[in-house]
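One-letter residues, chain by chain:
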Amino acid sequence: MYRVHMRTMKHIYLIAAIWGSAVMTTRAQQAAPDTATRNMSLTDCINYAYEHQDSVKNATLDVKSAEYKIRETIGQGLPQINGTASFQDYLRAPASLAPSGLFSAHPTIDFNAPLAPLPFGALNYNNTYSIQASQLLFSGTFLVGLQAVKTYKELSQRSLTRSKIEASVSVTKAYYQVLVSNEQRSEEHTSELQSHHD
């Protein structure tokens, strides 16, 4: 009984050791955070803001959306071609019902006569094709819509420019605040060194 208990405990310790080493290995393989300092110019900081600031990204997407809307509106004024094709396979040839004596050599109309099928021929398949083309010659609403979409594009481009200017101003202010702060710290550090030296 003691041996069985010891084997079980050995297995538990072995599984715990393997699991613990696997956890430690996965933690060791994670990349360390980048704590290195970078020297960036004001232009680099502004370009970084253009690429990563949400308002600039959204304004850029609005400009692209306006360009697609212009293409869509212009497309409505271009020639339109529509085509259809259909294919029917009849299991039985189509037929119409009529009184049986109607198409004999001596036609008589008897409403009590049994109905007989009249086939439309040996028709098993039916194909239908059609093509339709149209061209917009003049439409006031099309012209007004085209002008409205172009105005929308201009507004979205102005919004992008405004977002970039705001980002540039914010980054420039922050950049120069950091420079002033660093300059003040270096002056304080220099004055402390001189006071310790004297």
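Each remark here, short or long, concerns the structure printed above.
Because the structure is predicted, anything quoted here is derived from the model rather than measured.

**A short note on a negative patch on the surface**
A surface patch of like charges, here negative, comprises Glu 183, Glu 187, Glu 188 and Glu 192. Among the structural elements, Glu 192 can be located in helix H4 (residues 140–197). With a relative accessible area of 47%, Glu 192 lands in the partly exposed category.

**Let's talk about the pattern of salt bridges**
Overall, the coordinates contain 3 salt bridges when judged by the stated rule. We note a salt bridge from Glu 166 to Arg 162, for which the minimum N-O separation is 3.6 Å. One end of the pair, Glu 166, and the other, Arg 162, are both in helix H4, 4 residues apart, so they sit about a helical turn from each other. Judged by its relative accessible area of 47%, Arg 162 falls in the partly exposed class.

**What about a nonpolar patch on the surface?**
A grouping of Leu 137, Phe 138 and Leu 143 is seen on the molecular surface, where their side chains present a nonpolar patch of about 400 Å² in accessible area. For Phe 138, a relative accessible area of 67% puts it in the exposed group.

About the criteria used
- Residues numbered from 1 in each chain as written.
- Predicted model: local features only at pLDDT ≥ 70, side-chain atom pairs only at ≥ 80, totals over all residues.
- Heavy atoms only, no water.
- Patch = residues over 30% accessible without salt bridge, like charges linked within 9 Å, V, L, I, M, F, W, Y side chains within 5 Å.
- Areas by Shrake-Rupley, 256 points an atom, 1.4 Å probe, with all protein chains shown as cover.
- Salt bridge = Lys/Arg side-chain N within 4 Å of Asp/Glu carboxyl O.
- Lys, Arg positive; Asp, Glu negative; His and termini not counted.
- Charge placed at Lys NZ, Arg CZ, Asp CG, Glu CD.
- Helix = DSSP H or I, 4+ residues; strand = E, 2+ residues; numbered from the N terminus.
- Buried < 20%, exposed > 50% of the residue type's maximum accessible area, 1.4 Å probe, protein only.

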